[in-house]
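# Observations on the model geometry
Below, each chain spelled out in residue letters.
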Amino acid sequence: MNHYAITMPQLSDTMTEGVVVTWEKQAGDRVERGDIVATVETDKAIMDVEVFKAGYLAGPLADVGATIAVGAALGYITDTAGDVAIAAGEVVAEQAQTEMIPHHAGTPVVMPQLSDTMTEGVVVTWEKQPGDAIKRGDIVATVETDKAIMDVEVFQDGFLSGPIADIGSVVEVGHPMGFIVDDAAKANDTGVTISADHKVKDLHKVAPHAADKPAHIPMPKAAPVQISAEGTLPPVARPSGRQASPYARKVAAQLGVNLTGLAGTGPSGVIVAADVARARPSMQEVAHSLPQVDVPGQGRKMTSMEKAVSHAMAASLTLPTFNVTMNIDIAALTAAAKANKVSVTVAIAKACSVAMAKFPRMNWAYQPVDKLVERANHDFGVAVMSNDGGLVVPILHGIEKKPLDALQSDWTGLVERARARKLAPAEYSNPTFTISNMGMLGVSHFTAIPTPGISAILAIAANGPQGTPFTITGDHRVLNGADVALYLATLKQTIEAPEAWLGAAGAVAAEAVAGKAATISAPISPIPEGNWDFPVVVVGGGPGGEDCARDLADHGVKVMMVNNEPFPGGECLWRGCIPSKAWRAAADVIRNRAHDAEMGVDGTNTPRLNWEQVEKHRRWVQSSRGEMALKADKGMKIDVREGYGEFVDAHTLKITPVEGQPYQVTFGAAVIATGAPAFVPPIPGARENLANGGVATSDTIWNLATPPKKLGIVGGGVIGVEMAQIFRDFGTEVLMLERHERILAEVEEEIAKSLIASLEKEITVVTSAAIKEVSGTPGAMKLRYANKDGVESVFDCDVVLMATGKRPDTSRLNLDKVGVELDGAAIKVDARCQTSAPHIYAVGDVIGGYMLAHTAATQGRVAANNLLGHTSEYDQDKDCGVTFSRPQAGFVGLSVAQAKAKGIDAVEAKMPMSIDAKAMITGETEGMIKLVADKATGRIIGVHYLADHTDTLIGIGVMMVAGEMTLTQVAKAIFPHPTQTELFGELARRLLNRLRRTAKK
C-alpha cells in the first residue's frame, strides 16, 4: 500500500504556517482529484485546501485550531479503502500535490495596481453588498492608493460574496478583497479585517450600509467662503443618482463645476452650494482645506513671502499640466553675456522674452471661470538660492522693454534682497512667467511646478552631452503641446544665435563660439569663480580623495591633494585591504594544502609559515603600489602635498607639513576624504595598553614582530572575522568576543549563519559578551569578560585585537569655520556627496555608511563629476562588499529583508555550492549563492555569496545589479561549463519558473 502526505501549502513567499479551520472530509472518506479536504487560515485569509491525488483520507489528521508549518503534514491519503489511520513508522511514499484557493471558491476581486509605485491599497467603500447581483462593468468598491481614491470595476457577471475585506483594510496589490460567485446561493456574508501589515485580524458578519449613509468621499477640513450665484446661465443638471440643491446647481453653472463625484454635506448627502464653492477656492483656502498633518516641535509663524509660496504650491495641485523638453546649446549666450558684463541668468531671461514676442500665449494665464488673461508685460520670476539654502523667486519686471544693462542693474539689487529674504511683496508677487535654473546645482533633469497666475514655468537643468535641457511645464487650459514646442524651438534659435538680438557683442561672442573645435557646449561647473590658488583642494589621499583628484585633473581642473602620509593610498593600502589580503593569501596557501591529498597529491600537508618572508612580501606590495600611485598622481599634474589640512574659512585651507612651517592656500571648492580611524571603546585598560602594543587595532596590528600564539579579539564584525581566520591558519589560538547576539551582523542573515557555523569549528566565539577589563603586558595580556549568563572568565593571550569598527574623527578639520554639518561623528552629505556647504563635498569613511575602499573611490568620482557640472549620485543599493573569510562572504545590492523594508516585493532563490561541478572538483563545496529579484519587474536587485571564490564571482553580481538586468536576460545568457558562473543562469531560471507557477495560482 502507498500513503501520501497532505502538506500545508504555501500561499505566498512570506507565509510560514497556517491554522486548521475545518476538515471538509473525514478519515476513511473517498477523495477524488480536485476535492476540497480542509480549510486553513493563513496570514492573509481563510483558504480551501484542494488535493490532486485520488484515494482515501487517512489520519492522523491535524486538530482543528492546530498551527501547522508550511510543508508539514495535515493528514494523509492512502490507496487502501478502510485504512483510516497511518500507523507510527509507516513509510509515506510522497506528498500529495495540493493547492490553496480562496474559501467559498469564486473569482477573486483583487486590489488593482493603479500606478507603478503602488504596492497596496486601502478599502474605502463597498458599493455592493454580499449577495448583490453584479453586471460586467459595475463599480463594486472604491480604494485609496498612494495617489488618489479610485473605483474598482469588475468585468464578470455574478454575485458578490465574502470573505470581504472591511472598510479600512490594507490589501496588497493582486490579493483578494472579495469574490464573485455564479449563484446567489453560494454567496456568503463573511467580513474580514486586514491590518496594515496584511494580517487577518478578525472574521465577522458583514453589516449592511445604513439606508441614508452616502458613499464615503474624503472631505476638506475647512469650508471656503460662499460664492454668489448671480448670472444668467441656467443651472446644471442633477448628477445621476445624487441629490443637489437648486442653489448648488446654479453656483455650479457659474463656476463651471461638475457635480458628478462631488462630496455632499447636506442632509443624506445632498450637495449644497458650499460643496460647490470648495471646488473653486482661493489659494489660501486650498492650502487650508487640504488635510493637515500634525508635526512635533514649536513652530514659528511664516513670513508673508513663505505663506504666499506655501499657498501657491498647494493651489498648483489644481492645474492640469504637461511637460516638454528641448536641449539647447547655451555656449554662445554665455559668451555674449560675459561680453555684455551681465549674468547668464539675466541673458536667459531676456532671451525668453525675445522668443515670447512671437508666442504671446506663453505669457497668458487662466482665470476662473473659463477666462484667459492676455498680458503683454513680461514680469518674469527667476528662482534664486537664499542664504539659508531655500529658493526665493524675485520678479524681474519689464523685461520686454528694458536693455540688458538696466535689467542687470535691477537684478543685482533683487538678488541681494532675495538672498536675505527681504523682498517687498511687489517683488515676488504675480509673475507672468517663471524660470528656475537648478542646473547650477548639477541637477541633470527636473520639472518645475507652475502656480495659478502663470501658464508656464521653465526648468533649466545641468549641461550634458546633448546640450542643456530646457523643460517647460505648461497649464493645459491655456497652452497645448504645439504652443510649447514651437516656443522652445524659437527660444533655442534665440539662445544659440544671440547676435540677432544682442548686436555687436552678441556677434563677437557667436564668432568666438563658432571658432571652437567642439560643437557641444561645456557643462557649467559649480566651482565658484575667483582668483583661487586652486579651484579644488582634496583633503585626504585614500581611494576616495585620489580617485576624485584624478578625475578632476583628467578634465583639466587644477587640483591640490593634501595627504598626511608620504604616499597616497590611505587606510586601504597601508592599514586595511592590501596588507590584510597579503596575509590572507599566505593563510590560504596553508589552508588549501589540507585538501591536496583528497585530489591525489601527497606530501604537501605540512606547510610551515615563514613570517619574515610573509612580511617582506606584504611590505613590497604596499610600497610598490604606493610609489606607483604617487608617480601616476604627479604625472596627471595633481599637486600632491604631505601634511595635515584644516579649514581657516570658507575658501582657505591651512596645511601643516611634517617638516617646515604651516602655510595657507585658497580654493574654490573642497573635497574632504580623511577616512576614519579605528575606534577603541571605553573598556578599562584598552586605551591604556595601545601605546605598549598589548592592545592592537586594525591600524596597529601590522607592527607585530611575530604571530601571537594566543589572540583575543573584541568585536565580531568583518575585520574581526578576517583576522581570526588568518591567525587561526597561522597556528594561533583565537578567542572572539562579541557584545551582540551574533557576529557578522552586517552580513545577510542566512549567509552569516552558515559562515558562523564554520567559524565555530575553528575558533571560540562568545556572543552577548560583556568585556570587563584588559590588563597585563605585551605577551602576557589578560582579557576578562562575562558571558550572557554573567559568568566571568579570563583569557590569557599575547595580544588583544580591538576589532570594534571605525569612527570618523573630524576634530582637526575646523568644520565649524565652513558651515559643514555633522550627522553624529560623520559628515552629513546628500547622494551627490555634497555637504551643507554647497562648495564642499565629502567622501569615503568620513561620511559613514559602507566604510569600504571601492565605496570611497566611487563617491570620489561622484563628487568630481558634480564639480565638473555633471549630475552624479552614489547609490548604496547597488554597492557591494566581500568578507575575506574562508569561504568568502559577499553581497551586491539588497537582501530580501532590505528590499521589503523599502517597499519592494522581493523574492529570492538559492543554490548550495555542493551541487556545483567545479566546486566538487576542487573540494570547495561549502556555502551557497542567492539571487534576489523584484517580483513586479523581474529586475535583479541583489546577489549574496558564501563561496571560496566570491572575490571573483562577485563581479558577475555587480554587473547584473548595476546594469539592472532582469531574470530573463540572465536566464538566456550562456555561461561556460564547468565553471561556478553557470550557477547564475540556473538561479535565474529557477526563480523565473517559481514566479511563473505562483502567478498561475
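This one's a predicted model, so the numbers in the text were calculated from it and none came from an experiment.

### Brief notes about the sheet that holds strand 49 (residues 880-883)
- Pairing is antiparallel in the open sheet, where five strands are placed in the order 49-50-53-52-51. Only two strands of the sheet have a single neighbouring strand rather than two, namely strand 49 and strand 51 (906-912). Going across the sheet, the axis of each strand differs from the next one's by a mean of 10°, ignoring polarity.
- As paired elements, strand 51 and strand 52 (residues 928-934) share seven bridges and run antiparallel to each other. Residue pairing in the sheet places Ala906 in a bridge with Asp934 of strand 52.

### Describing the sheet that holds strand 41 (residues 764-766)
- On the basis of which strands lie adjacent, the open sheet formed by five strands has the order 38-45-39-40-41 and parallel pairing. Each edge of the open sheet is held by one strand with a lone partner, namely strand 38 (695-697) and strand 41. Between one strand and the next, the sheet's axes are offset by a mean angle of 20°, whatever the strand orientation.
- Strand direction decides the pairing type here: strand 39 (residues 710-714) and strand 40 (residues 733-737), joined by five bridges, are parallel. Bridging across to strand 40, Ile713 finds its partner in Met736.
- Along the sheet face, helix 15 (residues 718-729) touches strand 39, strand 40 and strand 45 (799-802) and points at about 165° away from the line of strand 40.

### Comments concerning the side chain of Thr468
- Relative to the elements of secondary structure, Thr468 occurs in strand 31 (residues 468-475).
- On the basis of relative accessible area, Thr468 is assigned to the buried category, the value being 1%.
- Excluding its chain neighbours within four sequence positions, the residues that come into contact with Thr468 are Met326, Asn327, Ile328, Ile330, Ile460, Ala461 and Asn463.

### Concerning the pairing of strand 16 (residues 158-161)
- Strand direction decides the pairing type here: strand 13 (residues 133-134) and strand 16, joined by two bridges, are antiparallel. Paired with Ile134 across the bridge in strand 16 is Gly158.
- Here strand 16 runs beside strand 19 (residues 176-181); their pairing, made up of three bridges, is antiparallel. Bridge pairing links Ser161 to Phe179 in strand 19.

### Topic: the environment of Glu741
- Within the secondary structure, Glu741 is located in the loop between strand 40 and helix 16 (749-759).
- Accessibility expressed as a relative area gives 71% for Glu741, which makes it exposed.
- When the C-alpha atoms of Glu741 and Ala769 are compared, they prove to be 8.6 Å apart, with 28 residues separating the residues in sequence.
- For Glu741, the residues in contact, after removing those within four places along its chain, are Thr767 and Ser768.

### Looking at the nonpolar core
- Counting residues in hydrophobic clusters, the biggest one holds 49 residues, and the most contacted among them are Cys352, Phe433, Leu458, Phe470, Tyr487 and Leu491.
- It is helix 6 (residues 344-356) that provides the largest number of residues to this core, a total of eight residues.
- In contact with Leu491, other than residues within four places in its own chain, are Ile328, Ala351, Cys352, Ala355, Leu458 and Phe470.

### Regarding the side chain of Thr732
- Tracing the sequence through the fold places Thr732 in the loop between helix 15 and strand 40.
- Residue classification places Thr732 among the buried positions, given a relative accessible area of 4%.

### Quick notes on the confidence of the model for the protein
- Considering every residue of the protein, the mean pLDDT works out to 85; 86% of them sit at 70 or more.
- Counting interchain partners and residues more than four positions distant, the pLDDT-below-50 stretch residues 504-510 has 10 contacts.
- Across residues 512-522, where pLDDT falls below 50, the model places 12 contacts with residues more than four positions away in sequence or in other chains.

### Remarks on the packing of helix 6 against helix 8 (residues 481-496)
- Two elements in contact, helix 6 and helix 8, have axes separated by 9 Å at closest approach and are oriented at 125°. Between helix 6 and helix 8, the crossing angle belongs to the class labelled oblique. Of the two elements, helix 6 crosses helix 8, and the hand of that crossing is right-handed. Across the interface between the two elements, Ala351, Cys352, Val354, Ala355 and Met356 of helix 6 pack against Tyr487, Thr490, Leu491, Thr494 and Ile495 of helix 8.
- Of the residues contributing to the contact of helix 6 with helix 8, the split by class is eight nonpolar, two polar and no charged.

Procedures and definitions
Residues numbered from 1 in each chain as written. Predicted model: local features only at pLDDT ≥ 70, side-chain atom pairs only at ≥ 80, totals over all residues. Heavy atoms only, no water. Pairing = 2+ DSSP bridges. Helix = DSSP H or I, 4+ residues; strand = E, 2+ residues; numbered from the N terminus. Axes fitted to C-alpha atoms, helices over the stretch in contact; angles between N-to-C directions. Contact = heavy atoms within 4.5 Å. Buried < 20%, exposed > 50% of the residue type's maximum accessible area, 1.4 Å probe, protein only. Core = buried A, V, L, I, M, F, W, Y, C linked by side-chain atoms within 4.5 Å. pLDDT = per-residue confidence, 0-100. Parallel < 35°, antiparallel > 145°, perpendicular 65-115°, else oblique. Left-handed = near helix turned anticlockwise from the far one by under 90°. Nonpolar A, V, L, I, M, F, W, Y, C, P; charged D, E, K, R; others polar.

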